[in-house]
Amino acid sequence: MNALNLLRIAWRALLRNKLRAFLTMLGIIIGVASVITMVAIGEGSKASIRSQLSGMGSNMINIRPSSNQAVGGGARIGASGLQTLKIEDVNAIRDHAHFVTAVSPAVQANGQVINGPLNWPTTIQGVHPEFLSIRDWQLQSGVVFTDNDVKISAKVCLIGQTVKSNIFSPGEDPVGKIIRFNKIPLKVIGVLSQKGENTFGQDQDDIILAPFTTVQKRILAITYVQTIYASAVDENSSDTATSEISTILRKDHKLKPTDDDDFTVRTQAELISTISSTSQLLTVLLAAIAGISLVVGGIGIMNIMYVSVKERTKEIGLRMSVGARGIDILLQFLVEAILISLTGGVIGVAFGITASSLVSYFLSWPTLVSQSSIVLSFMVCAITGVFFGYYPARNASRLDPIEALRYE
Amino acid sequence: MGNKILDIKNLKRVFKMGSEIVHALKGISFIVEEGEFVTIMGSSGSGKTTLLNIIGCLDKPTDGDYLLDGVNVKLLSRNELAGLRNNKIGFVFQSYNLLARTSALENVELPLMYNSKISSKVREEKAKQALHAVRLDDRIDHLPSQLSGGQQQRLAIARALVNEPVMILADEATGNLDTKTSYEIMSLLQELNQQQKKTIVFVTHEPDIASFSSRTITLKDGKVIKDTKNENVRSAKEELAALPVSDYNS
Ligand SMILES: Nc1ncnc2c1ncn2[C@@H]1O[C@H](COP(=O)(O)OP(=O)(O)OP(=O)(O)O)[C@@H](O)[C@H]1O
Ligand SMILES: [Mg+2]
């Protein structure tokens, strides 16, 4: 019996019981559609997180102080109270690290910003001019403060879009205006471009940037550095840059080889992979749940194939009596099972793609129908058909011709 | 004489149904030479169908040996038996056993479907020829349920002829046919027997039909009680010509 005939017989058997075939397929359809949709949701959120993160500057390296002394039962002091980073560290990195293109210290303070009658609670960050290139932030208008401004602790600042809209009336140009942050007057010399929310839902436009020393000395009155931002030459050298920075800082901090680091260096690439792997886990989890419904669908196929073999016992006997071998009968029922599961698969993929775009449209969740999930679904369908169709088909193939013929 | 196509030695078939045991065949022996036209007669329940099923490699004897063309069927695998049924044997069942919801043409094509050497074109041609031989040309697309009992029987005969078997086994193949159609079928079988030297084993109740064959084996209660050569074989073709022309059977 050739493949075409097998297909024709199987197709005809399905058409003979259209409703039953459809109900059997339904399990597979729901299974495949949910696999496709779930994976699309998972992949979509992964892709959007990834693009947001790389928008933050994928070369970025972030250095924070950390405790190297175990306290009590091993608990460590929180990073906020630590003062291990100094401006000398920034200079050392700038002078000695070959794989770092830009470096900037940062300190930040929370407070109230006032412009005439309007005020707004926000965050001011003191940085070097390089900070903008490290974060890949742009100016909408005005100019960035200079190194000289940092040197003289100039009372100038750049404001984010959220700050602008809260303390300036629409259409008003903030550049050149004086605002007050915690009573300290600062001249607005530039406005930052819109950046939107970051991955964690924080409004990145709710910020004021000022020269490092202005915030450190005039507002916070501290001598240490809270965070150091740096930029690796390119994405691939961020690991090299990280170890370079570690070496420099350990030397600077005079740490013994046995001492732990009193700082942590994290790269954006690391952060991306951490978050990606979390959302990868989510994708796998969603796919696994959906996969269970595929198995349930497969059991449905197995059930109906058993019924089908029983019903057609006489037909099997007849086919055997005119010369069908066991393998012919086995293939006939196996092809039928595979046809049910693959047809279900095709419909399921169509439903899955539709459902994914509906999710995007109505819930505005990002979705991404991946080709691999479609291919995978088809393969799983074929395997489901073979796996769950095999036993009923084998039972059929082992029937005794004359007994099968006599079966009523 | 030709070679022994069937060599049956002390064949027994016992059916067990729970505690009840039925001895359907109680030691049957006979030899059929190639090209013989044998009818098997006997009252209902005498074991004719049981015997024919064994000869057709559909069933296996409980005891005794059955040599088909010199090969002991007992020693063949399931696949080899399927091959035999497909290439060498044409079987007409007492209860037709047609595939429901499948056209006449496709029913006849069925044995050829399991012969990989035959292309779909040849298959259709052969099936149409077989249907023509049983005068069902105009019922090609009909389903078995749309055919009369006699037409269904003829369809079953066409299916048995289509693979050009060396041996045709028929179980009451004319049981549902009127005299004229019966004679037509017998004439067809005689033709196959005489011109193509096909061996035919034909189960029937009717002595009239048996008189077209060259030998009659009579069973009773699972045993052979009579095995006679027919010296005076009637020609179905001649009998057909001699039938009175009736207006209800054109
Ligand atoms: N599968 C079976 N199980 C049990 N007994 C059976 C089976 N098949 C046949 N028999 C018994 O074997 C005996 C012979 O049956 P068989 O069908 O061979 O008779 P037959 O000569 O063909 O009769 P008929 O002319 O009515 O067709 C019967 O008594 C029948 O009841
Ligand atoms: Mg019978």
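Right above here is the structure, for reference.
First things first, this report covers the structure right here in the doc. What you see is a predicted model; the values in this text were computed from it and never measured.

### Here we look at the overall build of chain B
Now for step 1: A count of helical and extended segments in chain B gives eight helices and 10 strands.
Now for step 2: Taking 2.2 N^0.38 as the reference for a compact globule, 250 residues should give roughly 18 Å; the C-alpha atoms of chain B span a radius of gyration of 18 Å, in line with that estimate.
Now for step 3: Overall size of chain B, expressed as C-alpha extent along the three principal axes, is 50 × 45 × 40 Å.
Now for step 4: Scored against the burial criterion, the 250 residues of chain B give a buried share of 54%.
Now for step 5: Intrachain contacts of chain B at a sequence separation of at least 6 include 71% that bridge at least 24 residues.

### Some thoughts on the interface of chain B and chain A
Now for step 1: Tallying the contact residues gives 23 residues for chain B and 26 residues for chain A.
Now for step 2: When chain B packs against chain A, the two sides together hide about 2,200 Å² of surface, and 53% of this comes from carbon and sulfur.
Now for step 3: Summed over the shared surface of chain B and chain A, the result is two salt bridges.
Now for step 4: The salt bridge partner of Arg12 of chain A is Glu106 of chain B, with a shortest N-O separation of 2.6 Å.
Now for step 5: Between the two partners, chain B and chain A, sit seven residue pairs in polar contact (both at pLDDT 80 or more).
Now for step 6: Counting only elements with at least two residues in the side of chain B that touches chain A, the list comes to α2 (78–87) and α3 (104–113) of chain B.
Now for step 7: When residues of the side of chain B that touches chain A are assigned to their parent elements, the largest contribution, five residues, is made by α2 of chain B.
Now for step 8: Looking at the side of chain B that touches chain A residue by residue, the class counts come to 11 nonpolar, five polar and seven charged.

### Considerations on the coordination of the magnesium ion (ligand 2)
Residue and element names in this part refer to chain B.
Now for step 1: For the magnesium ion (ligand 2), the protein coordination sphere consists of Thr49 (OG1) and Gln94 (OE1), at 1.8 to 2.3 Å. With Thr49 in helix α1 (residues 48–55) and Gln94 in the loop between β6 (89–92) and α3, the pair connects residues that are 45 residues apart, well separated along the chain.
Now for step 2: What makes Thr49 partly exposed here is its relative accessible area of 28%.
Now for step 3: Exposure remark for Gln94: the relative accessible area of 41% places this residue in the partly exposed category.

### Describing the packing of α3 of chain B against helix α5 (residues 149–161) of chain B
All names here are of chain B.
Now for step 1: Interhelical geometry of α3 versus α5 gives an angle of 35 degrees and a closest axis separation of 7 Å. Taken as a pair, α3 and α5 cross one another with a handedness that is right-handed. Across the interface between the two elements, Ala104, Asn107, Val108 and Pro111 of α3 pack against Leu155, Ala158 and Arg159 of α5.
Now for step 2: Residues that form the contact of α3 with α5 fall into these classes: five nonpolar, one polar and one charged.

### Details of the environment of Leu81 of chain B
Residues and elements named next belong to chain B.
Now for step 1: Mapped onto the elements of the fold, Leu81 is located in helix α2.
Now for step 2: A relative accessible area of 6% means that Leu81 is categorised as buried.
Now for step 3: Once the C-alpha coordinates of Leu81 and Ile40 are considered, the two residues, 41 residues apart in sequence, prove to be 23 Å apart.
Now for step 4: Sequence-distant contacts of Leu81, defined by excluding residues within four places in its chain, comprise Cys57, Lys60, Val73 and Leu76.

### Side note on the pattern of salt bridges
Now for step 1: Applying the stated criterion to the full structure yields 24 salt bridges over all chains.
Now for step 2: Among the salt bridges present, the one from Arg250 of chain A reaches Asp261 of chain A, with a minimum N-O distance of 2.4 Å. Taken as a pair, Arg250 of chain A in helix α8 (residues 238–252) and Asp261 of chain A in the loop between α8 and β10 (263–267) lie far apart in primary sequence, 11 residues in all.
Now for step 3: Since its relative accessible area comes to 27%, Asp261 of chain A is described here as partly exposed.
Now for step 4: Where Glu124 of chain B meets Lys128 of chain B, a salt bridge forms, and the shortest distance between an N and an O atom there is 2.9 Å. In this pair, Glu124 of chain B and Lys128 of chain B are both assigned in helix α4 (residues 120–133), four residues apart and thus about one turn of the helix distant.

Definitions and cut-offs
- Residues numbered from 1 in each chain as written.
- Chains lettered and ligands numbered in written order.
- Predicted model: local features only at pLDDT ≥ 70, side-chain atom pairs only at ≥ 80, totals over all residues.
- Heavy atoms only, no water.
- Helix = DSSP H or I, 4+ residues; strand = E, 2+ residues; numbered from the N terminus.
- Rg over C-alpha atoms; globule rule 2.2 N^0.38 Å.
- Buried < 20%, exposed > 50% of the residue type's maximum accessible area, 1.4 Å probe, protein only.
- Contact = heavy atoms within 4.5 Å.
- Buried area = accessible area lost by both parts, 1.4 Å probe.
- Salt bridge = Lys/Arg side-chain N within 4 Å of Asp/Glu carboxyl O.
- Polar contact = N/O pair within 3.5 Å; in protein donor to acceptor, adjacent residues only side chain to side chain.
- Nonpolar A, V, L, I, M, F, W, Y, C, P; charged D, E, K, R; others polar.
- Donors = N, O, S within 2.8 Å, 3.2 Å for Na, K, Ca; no water.
- Axes fitted to C-alpha atoms, helices over the stretch in contact; angles between N-to-C directions.
- Left-handed = near helix turned anticlockwise from the far one by under 90°.

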